[in-house]
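Examination of the molecular architecture
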Amino acid sequence: MYRFRDSFISEIAEKVNNGIRLTFEDGVNLFNSKDLLGTGYLANIVREQKNSDNTYFINNRHINYTNICINRCRFCAFSKDSVDPDAYWMSIEEVLNSASKYKNGNVSEFHIVGGLHPDLSIEYYIDMLGALHDRYPDVHLQAFTAVEIAHIADIAGLSVKETLIKLKEAGLGSIPGGGAEVFSEKLRKEICPQKISGADWMSIMETAHSLGIHSNATMLYGHIESVEDRARHLIMLRELQDRTNGFMSFIPLAFHPKNTDLGFLSGTSGYVDLKVLAVSRLMLDNFQHIKAFWIMIGTKLAQLSLSFGVDDLDGTVVEEKITHSAGAETEEFIEKEEIIRLIKDAGRIPVERDTLYSELKCLK
Ligand code: V47
Ligand code: SF4
């Protein structure tokens, strides 16, 4: 039996064993604790209760259709002003071309995210979804963060609900979890003053869930947020999930500082990465899946995280610009066989899934 280094973790163990929800204070204490192994041990209990040894991954391809963005968040190295020589946006033909370049056959998801382009109309987004859906009817389109949805609605002069209905009709399958950052308004003023509020992000997700559009959720950590900010963010997500049950997975995003306005910060450590994943697993008792995005924390740490609460390794990805603009040194593509090897080496069962977590293939 593991001996906890901090006495309060024994109390948390009691709660975990009895299925009692953790409090804001528990979250803060866990983030402050130096007992990483104790936290991971408890997170692993929850992980195994919820998902046994199953470890999910998807054969997917990311498409970043434009880097032109009017928000210019201070933590983002991907976005550009439209006059910047490195600015780009893809025509529908180019999006289709990019989609066709996935390397590993049988892709089951396109993950489509971009900046907030000032001039593209809602027809562009509708045509993009329609064209992808026509050419790849079996591929799920996980597209446009809540921030992009708000922008598209704004440009079109429509409500968020009307916009989501139009996008769904065009082929939108689900919404990725980006744009949540950290919900603290004080902090958003510092790091992304132009971005929609945390309350708006939540409200857009609530509307999407009410229309039967599932989504993911994220938290950008490792910049200037406090442990209290993190705990509050998780609790706000948990409360929304209590109301809608529309979130599929939670993905903590490790901040990469290079080429950003916050370039003086040092980036996260492996210790913090594992801690955030483990505490997220413990706090988000109504989320079925906790995902480690290997692009941001590397394949080796992502593999270790499978013993710290994580049950999902995202997917093949193929091409990723957001983290790589900010100095990520990971590959952009990983072979499906490599994901399977990582999972098996960690003593878990690889399960290839689709976006909505239906099992496509169990590779026991
Ligand atoms: O919204 C921007 C973040 C997000 C940086 O839903 C940065 O399955 C780190 O949301 N360092 C986009 N992060 C990516 C995203 C995502 C990724 C993987 C899976 C899923 C999912 C969603 O990336 C942005 C922002 O929060 N981001 N700049 C940076 N320098
Ligand atoms: Fe634009 Fe998103 Fe980058 Fe913010 S994080 S500047 S909204 S692309």
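Structural notes, computed from the coordinates. For every chain, the first residue of the written sequence is number 1, and numbering continues from 1 onward in sequence order. In the order they appear in the text, chains get letters beginning with A and ligands get numbers beginning with 1. Owing to the predicted nature of the model, reporting of local features is limited to residues with pLDDT of at least 70; listing and counting of side-chain atom pairs is limited to 80 or more, with chain, interface and lining totals taken over all residues. Excluding hydrogens and water, the side-chain figures rest on all heavy atoms present in the structure.

Time to look at the environment of F255. Strands here mean DSSP runs of E at least two residues long; helices mean DSSP runs of H or I at least four residues long; both are numbered from the N terminus. Mapping F255 onto the fold places it in the loop between β7 (247–254) and α11 (270–283). Between the C-alpha atoms of F255 and A326, which are 71 residues apart in sequence, the distance is 8.7 Å. Ignoring any residue separated from it by four or fewer positions in sequence, one finds F255 in contact with F75, L220, Y221, G222, H223, T260, L262, L265, G267 and T268. The contact definition used throughout considers only heavy atoms, calling two residues in contact when any of these lie within 4.5 Å.

Backbone hydrogen bonds hold the strands of a sheet together, and the pairing may be parallel or antiparallel. When DSSP finds at least two bridges between two strands, those strands are taken to pair. With respect to topology, 4 strands assemble into an open sheet ordered β9-β1-β10-β11, the strand pairing being mixed. Two strands in the sheet have a free side with no partner beyond their single neighbour: β9 (312–315) and β11 (359–362). On average, each strand axis in the sheet is inclined to that of its neighbour by 25 degrees, with strand direction left out of account. Summarising the sheet, strand β10 (residues 349–353) and β11 pair through 3 bridges and their orientation is antiparallel. Bridging across to β11, V351 finds its partner in C362. To obtain an axis, a line is fitted to C-alpha atoms, over the contacting stretch when the element is a helix, and the angle between two such axes runs from 0 to 180 degrees between their N-to-C directions.

Residue types Ala, Val, Leu, Ile, Met, Phe, Trp, Tyr and Cys, when buried and joined through side-chain atoms within 4.5 Å, form a set referred to as a nonpolar core. Under the scheme applied here, a residue whose accessible area is under 20% of the maximum for its type counts as buried, over 50% as exposed, and between as partly exposed, the area being computed with a 1.4 Å probe on protein chains only. Grouped together as the largest cluster of nonpolar side chains are 111 residues, with contacts concentrated most on F110, I112, L132, F144 and W201. Residue contacts for L132: discarding those within four places in its chain leaves V95, L96, A99, F110, I112 and L141.

This part takes up the packing of helix α6 (residues 146–156) against helix α7 (residues 160–170). Between α6 and α7, whose axes approach to 9 Å, the crossing angle comes to 100 degrees. The orientation of α6 with respect to α7, classified from their angle, is roughly perpendicular. The segment α6 lies against α7, with I149, I152 and A153 engaging V160, T163, L164 and L167. Residues that form the contact of α6 with α7 fall into these classes: 6 nonpolar, 1 polar and no charged. Each angle receives one of four descriptions, namely roughly parallel if under 35 degrees, roughly antiparallel if over 145, roughly perpendicular if within 65 to 115, and oblique otherwise. Only Asp, Glu, Lys and Arg are considered charged, only Ala, Val, Leu, Ile, Met, Phe, Trp, Tyr, Cys and Pro nonpolar, and every remaining residue, Gly among them, polar.

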